[in-house]
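Notes for the structure review
Residues per chain are reported as follows:
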Amino acid sequence: MSGIGIQNATKLFGKTQALKGISIDIRDGEFMVLLGPSGCGKTTLLRCVAGLERLDGGNVRIGERDVTDLAPRHRNIAMVFQSYAVFPHMTVAGNIGFGLRMHRVPKAQVDTRVREGAELLGLSPFLERYPAQLSGGQRQRVAVARALVMDAPVLLMDEPLSNLDALLRLQARADLKRLHKEVKRTTIYVTHDQVEAMSMGDRIAVMREGSIEQIGAPMDIYDNPASQFVGGFIGSPPMNFLRGAVRDGNFAGEGFSVPMSRPRVDLQGREIVLGVRAEHITIGADGVPARVLVVEPLGSHALVTALVGKTAVKVQAPIDVGVRPDQAINLRFDEATVRWMDAGTGAAVQH
Amino acid sequence: MRARAEHVLPFTLLLPSVAFLALLIVIPMFQALLLAFVAEKGGFTLEHFQQMFGDVNFGDAWRNTLLLLLLIVPLQLVLALAMALLVNSRFRGYGFFLYIYAIPLAISDLAAGILWLAVFTERGYLNSALQSAGVIQQPILFLSFENFPGILSAIVIAESWRATAIVLLILVAGLQLIPRDYFEAADLFGADRIRRTIHVVLPLLRPSLQSALIIRTIFAFQTFAVVFALAGRNMPVLAGEAYVWYAGNRNEHLAATYAVLLLGLTACVTVIYLRVLGLREAEVQR
Amino acid sequence: MNARVLDRTLIYGIAVLLAVWVLIPFYIIAISAFTPQAKIFDYPKPLIPTTFSTETMQFFVDARGVIPSVLNSVLVAVFTIVFGLALGTPAGYALARFHFRGREAFQVIVLATKMFPIAILSIPLAVTFLQLGLYDNLVSVALVHTAMALPFIILVTGGVFVAVSHELEEAAQTLGCSRWGAFLRVALPLALPGLAAAAIFTFVVSWNEVFAATILTLRTRTLPAQVLAGLGTSPLGFKFAGGLFMALPAVVFIFMIRRYLINLWGSR
Ligand SMILES: Nc1ncnc2c1ncn2[C@@H]1O[C@H](COP(=O)(O)OP(=O)(O)OP(=O)(O)O)[C@@H](O)[C@H]1O
Ligand SMILES: [Mg+2]
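This text gives an overview of the structure that appears in the document. These numbers were taken from a predicted model, which means no experiment stands behind them.

Side note on the overall build of chain B
Scanning chain B from N- to C-terminus turns up 13 helices and 0 strands. Counted from the first residue to the last, chain B has its helices and strands arranged as α-α-α-α-α-α-α-α-α-α-α-α-α. Taken along its principal axes, the extent of the C-alpha atoms in chain B is 80 × 70 × 35 Å. Buried positions account for 56% of the 286 residues belonging to chain B. Considering only residue pairs separated by 6 or more positions, chain B has 69% of its internal contacts joining residues 24 or more positions apart.

So this is what it looks like as structure tokens:
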């Protein structure tokens, strides 16, 4: 009913091209996460959907309507801003009820909905306070409540949890997820926290320099990154990359050689990058020789950084792995999970 | 539709003020030129200018205006710079002192003249103080038409007192743009601090000093009510002549001619400063 | 005495000295204006007055034309504030919110008008207003004062709106306001203290202005015009009382807007 369609959206700020022809289709009720490094255009894209920024090309559809030329207030959206944008001259209650009052909702109804919204985000004790009397996290929750009470079919959120401390953030994340399960609003959620993206999104759109690098379900993106950039951006630690070339059934680079059990004729002789995740490497008796640099015990497991040839590789090992810095070890890559990327473009090579 | 509206909005917002300024500044300016250069019976003429140059008071007015300018502007710059550097050292209570120093900003030149009249008049407080201290036996006639240095000093003091505040605010604003690290020396009057002020802070403050210089020079041409309050007609100045020719002698042509002269001087000063000081446009705008 | 203490002493010594220099004329005009009529020509006068009397002030207030001129001054100032804010606020808002072509040019115009000699406006306008039957009219004076104050109003309101985050207005727009509604409900209330400061400064400009007020009026004088016109003929006491009367409101008002002073002359 209220899906969002963005077609070929471009946006220029002077000479910087903030959006370079972006197309996404977001299904009704879907939770879409926009993920990408700082400055890649996430906020800009969100603002274009909200109507706060005019597209220089392309169009935006919400539900059945083309909204490209509509003012924000006619788009039926609610938005949470990156910097909260809570009105300093209104109380918490005044802030939460602002949109309802603008839509001429009867006063009694405004009151109940404000109270419900405040309840939902734990703001009930603060209704009569002014934003200046709230903590950063509380202000952010006011911004979220103000958007939620609108009951708009489309919810746009720009890093709504970025200013919360770790614990509060975990809880707010769970709350937002629960809220979304209850009322399936079409949501675009901007973040550059990939854990947030993985845990909340139905799908993730990874952006880079004004373009979309990959769209897909979280695990799909994690397992099958479309490019070296995505693999390096998603996952903690990021995917390991080794550069080399395939020769005679081996993948060999500077100072290492990885045997390949399945011959890949298509890769023969090409400059290529091998991508493998830390949890898909095991330390064993045989395999690629490496030398341990650092061992970081992380509670549930240990993160071992080892040098393969001249490249540092992160390995997720059992906590009792028992290796020491400078020790010579052997690494085995789980071949089924290994991904190949073109060394020039970084794009994944189809298998 | 919306694209158009969005594009036009800033211009719509500016239009009223631009139109108003055109109506009340550009048009009068051309009218002033007409009044000055067009004869009573029509046709271009320089007779008003000849009349102005030939006027008994013109020479004095011209000399006095320049003299005041040369005395007042440097004095103001030095005073304001001292105040600004002092305030900028952010000693405890500097905000209070900044406010005190800025008070004269609210005083008109007429009021400033009258305030200082109470000081300099024959039986005023300066003479009273000097006499009580035994420095003089007779009141000094500071403001007598026979005592030109006396009148001049009184006007210079009153006008410096009043308009230093403007220079001060320009300089304080300029100092705020300079990173605090430059001022982090142990004491305000230490040798290191003074050296740094001269070699680092003053060059950085140059744009502000320059715009203060331009603004004050231009305003010095407009000095008139303070002169009237202290000296009456004993000390003609250019802006005062414009006033007298209009309000006293009902001659709008000659009044406008003086006004055009003032405008010309303003323009010249701006251009000369821009040339001599090598100012770039970006700096003037600050 | 160590160097630090010496430094402190020097700082406060100089600061106080400069403050005395600024404040002394106020003290002297105050004691002059409250000297009884009979003692105005006493000599030498004590620096700490022994008598205090409102006689001179009373004489000034009772003098013909003074009360009406004060009222005129207030009226002109109020008109100037209304015209000035009505014209200047949109321009200040535009400077704060938009990057448009001609922005620099507009700023140069604003800067130039800040320095425009008032004589060149007043004299032709006096001639024009005479022809249009607008001469000796408070609104005409207010128009000229508006032209003088407008650049300052634009600069101050511009600074004020820059300080009110644009995102607040955008948030209001996503919540159902039109652009205009967002301005009215969010930007305007938040800008109000700054706009009030601009209004007060406008008042000071108008209240103080002499040249145009004198040139453009004959009978409907503002206070400074009244005092200036009487300079040659009025007794000293009248002048002193007039000086104090003109200076005091301005001083109080500058105190009220002290936080915004830097913007008036220092900004862009
Ligand atoms: N109003 C603007 N004027 C000029 N350039 C802009 C403007 N807004 C954004 N940009 C530029 O557009 C690009 C994308 O900015 P955007 O704010 O969308 O990034 P982002 O992905 O939201 O980053 P972040 O994670 O830091 O919030 C950046 O290069 C930015 O400098
Ligand atoms: Mg952003």
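Considerations on the layout of surface pockets
Within this model, the largest pocket holds a volume of roughly 1100 Å³. Lining the largest pocket we find 35 residues, and of these A:Glu53, A:Arg54, B:Glu6, B:His7 and C:Phe98 sit closest to its centre. If you list the elements that add at least two residues to the lining of the largest pocket, you get β1 (4–13) of chain A, α1 (2–37) of chain B together with α3 (66–97) and α7 (166–174) of chain C. If one sorts the elements of the lining of the largest pocket by residue count, α1(B) sits on top with 8 residues. Among the residues making up the lining of the largest pocket, the classes are represented as 15 nonpolar, 8 polar and 12 charged. For the second largest pocket, the lining is made up of 24 residues, of which B:Leu117, B:Ala229, B:Leu230, C:Leu231 and C:Lys239 are closest to its centre. Of all the secondary structure elements, the ones that give two or more residues to the lining of the second largest pocket are α5 (109–120), α10 (225–231) and α11 (238–248) of chain B together with α10 (223–229) and α11 (236–256) of chain C. Considering every element that reaches the lining of the second largest pocket, the biggest residue donor is α10(B), with 4 residues. Classifying every residue of the lining of the second largest pocket gives 16 nonpolar, 4 polar and 4 charged.

Section: the coordination of the magnesium ion (ligand 2)
For the magnesium ion (ligand 2), the full set of protein donor atoms is A:Thr43 (OG1) and A:Gln82 (OE1), at a range of 1.8 to 2.5 Å. Placement of A:Thr43 in helix α1 (residues 42–50) and of A:Gln82 in the loop between β6 (77–80) and α2 (92–102) is noted, with a sequence separation of 39 residues between them.

Considerations on the pairing of β1(A)
Residue and element names in this part refer to chain A. One ladder, built from 8 bridges, connects β1 with strand β2 (residues 16–26); its direction is antiparallel. Among the inter-strand pairings, Thr10 is bridged to a residue of β2, identified as Lys20. As defined by bridge partners, β1 adjoins strand β4 (residues 57–62) across 5 bridges and the pair is classed as antiparallel. Bridge assignment links Gln7 to a residue of β4, and that residue is Asn59.

Here's the deal with empty space enclosed by the protein
For the structure on display, the rule yields 5 cavities of 30 Å³ or more. Approximately 740 Å³ is the volume found for the largest cavity. Lining the largest cavity are 31 residues; nearest its centre among them are B:Arg162, B:Phe219, B:Gln222, C:Met148 and C:Glu209. Among the residues forming the lining of the largest cavity, the class breakdown is 20 nonpolar, 5 polar and 6 charged.

Description of the sheet that holds strand β11 (residues 240–247) of chain A
Pairing between sheet strands relies on hydrogen bonds along the backbone, with the strands arranged either parallel or antiparallel. All names here are of chain A. Reading across the sheet, the 5 strands line up as β13-β12-β11-β14-β20 and stay open at both edges, with antiparallel pairing between neighbours. Of all strands in the sheet, those bounded by a partner on one side alone are β13 (256–259) and β20 (339–342). For this sheet the average axis-to-axis angle between neighbouring strands, irrespective of direction, equals 40 degrees. Across 6 bridges, the pairing between β11 and strand β14 (residues 271–276) is antiparallel. Each bridged residue has a counterpart across the sheet, and for Leu242 the counterpart in β14 is Leu274.

Digging into the packing of α7(C) against helix α8 (residues 179–208) of chain C
Residues and elements named next belong to chain C. Taken N-terminus to C-terminus, the directions of α7 and α8 make an angle of 140 degrees; their axes are 9 Å apart at the nearest point. Judged by the angle between their axes, α7 and α8 are oblique. Of the two possible hands of crossing, α7 and α8 adopt the one that is right-handed. Touching His166, Leu168, Glu169, Ala172 and Gln173 of α7 are Arg179, Ala182, Phe183, Val186, Ala187 and Leu190, all from α8. Considering only residue class, the contact of α7 with α8 consists of 7 nonpolar, 2 polar and 2 charged.

So, the environment of C:Leu228
Along the polypeptide, C:Leu228 turns up in helix α10. Along the primary structure C:Leu228 and C:Trp207 are separated by 21 residues, whereas in three dimensions their C-alpha atoms are 13 Å apart. Not counting chain neighbours up to four residues away, the residues in contact with C:Leu228 comprise B:Leu110, B:Phe224, B:Ala225, B:Phe228, B:Tyr243, C:Val210 and C:Thr214.

Some points on the packing of aromatic side chains
In this description, an aromatic ring pair is defined by two values, namely the gap between the centres and the angle between the planes. Under the definition given, this model contains 39 aromatic pairs over all chains. Each ring, one from A:Phe229 and one from A:Phe233, has its centre 5.8 Å from the other, and the planes form 15 degrees; the classification is stacked. Taken together, the positions of A:Phe229 and A:Phe233, both in helix α8 (residues 228–233) and 4 residues apart, correspond to about one turn of that helix. Relative to B:Phe97, the ring of B:Phe91 has its centre 5.7 Å away and its plane inclined at 50 degrees; by these criteria the two rings are tilted. You can call B:Phe97 buried: its relative accessible area is 10%. Linked through ring pairs, B:Phe37, B:Phe44, B:Phe49, B:Phe53, B:Phe58, B:Trp62 and B:Tyr258 together constitute an aromatic cluster. The ring of A:Phe87 has A:Arg146 sitting right over it, with the charged end atom 4.7 Å from the ring centre. Over the ring of B:Tyr125 we find C:Lys45; its NZ or CZ atom is 5.6 Å from the centre of that ring.

Remarks on unusual backbone geometry
Here the amide bond leading from A:Ser236 into A:Pro237 is cis, since omega sits at 0 degrees, within 30 degrees of zero. Mapping A:Pro237 onto the fold places it in the loop between α8 and β11. Of note in the backbone geometry, B:Arg90 takes a positive phi value of approximately 55 degrees without being a glycine. As for its position among the elements, B:Arg90 is in the loop between α3 (56–88) and α4 (94–102).

Focus: the interface of chain A and chain C
Each partner contributes residues to the interface: chain A has 20 residues there, and chain C has 15 residues. Each partner contributes to the roughly 1600 Å² buried at the junction of chain A and chain C, and carbon and sulfur atoms together form 70% of this total. Contact with chain C buries area across many residues of chain A, yet A:Arg73, A:His89 and A:Met102 alone supply 31% of it, more than any other trio. Our enumeration of links across chain A and chain C arrives at 1 salt bridge.

Quick look at the interface of chain C and chain B
The partner chain B presents 96 residues to the 95 residues of chain C that form the contact. Here chain C packs against chain B, burying approximately 8400 Å² in sum over the two surfaces, 80% of which is carbon and sulfur. Connecting chain C to chain B are 0 salt bridges. At the boundary of chain C with chain B, the tally comes to 9 residue pairs in polar contact (both at pLDDT 80 or more). Of the residues forming the side of chain C that touches chain B, the biggest block, 20 residues, is contributed by helix α1 (residues 3–33) of chain C. Looking at the side of chain C that touches chain B, its residues break down into 72 nonpolar, 11 polar and 12 charged.

Some remarks on helix α9 (residues 206–221) of chain B
In this model α9(B) runs 23 Å from its N-terminal to its C-terminal C-alpha over 16 residues, within 8% of the 22 Å that 1.5 Å per residue would give. Burial of α9(B) is extensive: 14 of the 16 residues sit out of reach of the surface.

A few points about the site of ligand 1
All names here are of chain A. Around ligand 1, the surrounding shell consists of Phe13, Ala18, Ser38, Gly39, Cys40, Gly41, Lys42, Thr43, Thr44, Gln82, Glu159 and His192. One nitrogen or oxygen atom from the side chain of His192 is found 3.4 Å from an oxygen atom belonging to ligand 1. A total of 630 Å² of accessible area belongs to ligand 1 in isolation, and the protein chains cover 61% of it. Of the residues that constitute the shell around ligand 1, the class distribution is 3 nonpolar, 7 polar and 2 charged.

Definitions and cut-offs
- Residues numbered from 1 in each chain as written.
- Chains lettered and ligands numbered in written order.
- Predicted model: local features only at pLDDT ≥ 70, side-chain atom pairs only at ≥ 80, totals over all residues.
- Heavy atoms only, no water.
- Helix = DSSP H or I, 4+ residues; strand = E, 2+ residues; numbered from the N terminus.
- Buried < 20%, exposed > 50% of the residue type's maximum accessible area, 1.4 Å probe, protein only.
- Contact = heavy atoms within 4.5 Å.
- 1 Å grid on protein atoms, 1.4 Å probe; cavity = no way out; pocket = protein on both sides within 12 Å on 5 of 7 lines; lining within 4 Å.
- Points joined across faces, edges and corners; volume = space filled by probe spheres on them.
- Nonpolar A, V, L, I, M, F, W, Y, C, P; charged D, E, K, R; others polar.
- Donors = N, O, S within 2.8 Å, 3.2 Å for Na, K, Ca; no water.
- Pairing = 2+ DSSP bridges.
- Axes fitted to C-alpha atoms, helices over the stretch in contact; angles between N-to-C directions.
- Parallel < 35°, antiparallel > 145°, perpendicular 65-115°, else oblique.
- Left-handed = near helix turned anticlockwise from the far one by under 90°.
- Phe/Tyr/Trp six-rings, centres within 6.5 Å; stacked < 30°, edge-to-face > 60°.
- Lys NZ or Arg CZ within 6 Å of the ring centre and 35° of its normal.
- Buried area = accessible area lost by both parts, 1.4 Å probe.
- Salt bridge = Lys/Arg side-chain N within 4 Å of Asp/Glu carboxyl O.
- Polar contact = N/O pair within 3.5 Å; in protein donor to acceptor, adjacent residues only side chain to side chain.
- Expected span 1.5 Å × (residues − 1).
- Near = heavy atom within 4 Å.
- Areas by Shrake-Rupley, 256 points an atom, 1.4 Å probe, with all protein chains shown as cover.

These results come straight from atomic positions and should not be treated as a statement about function.
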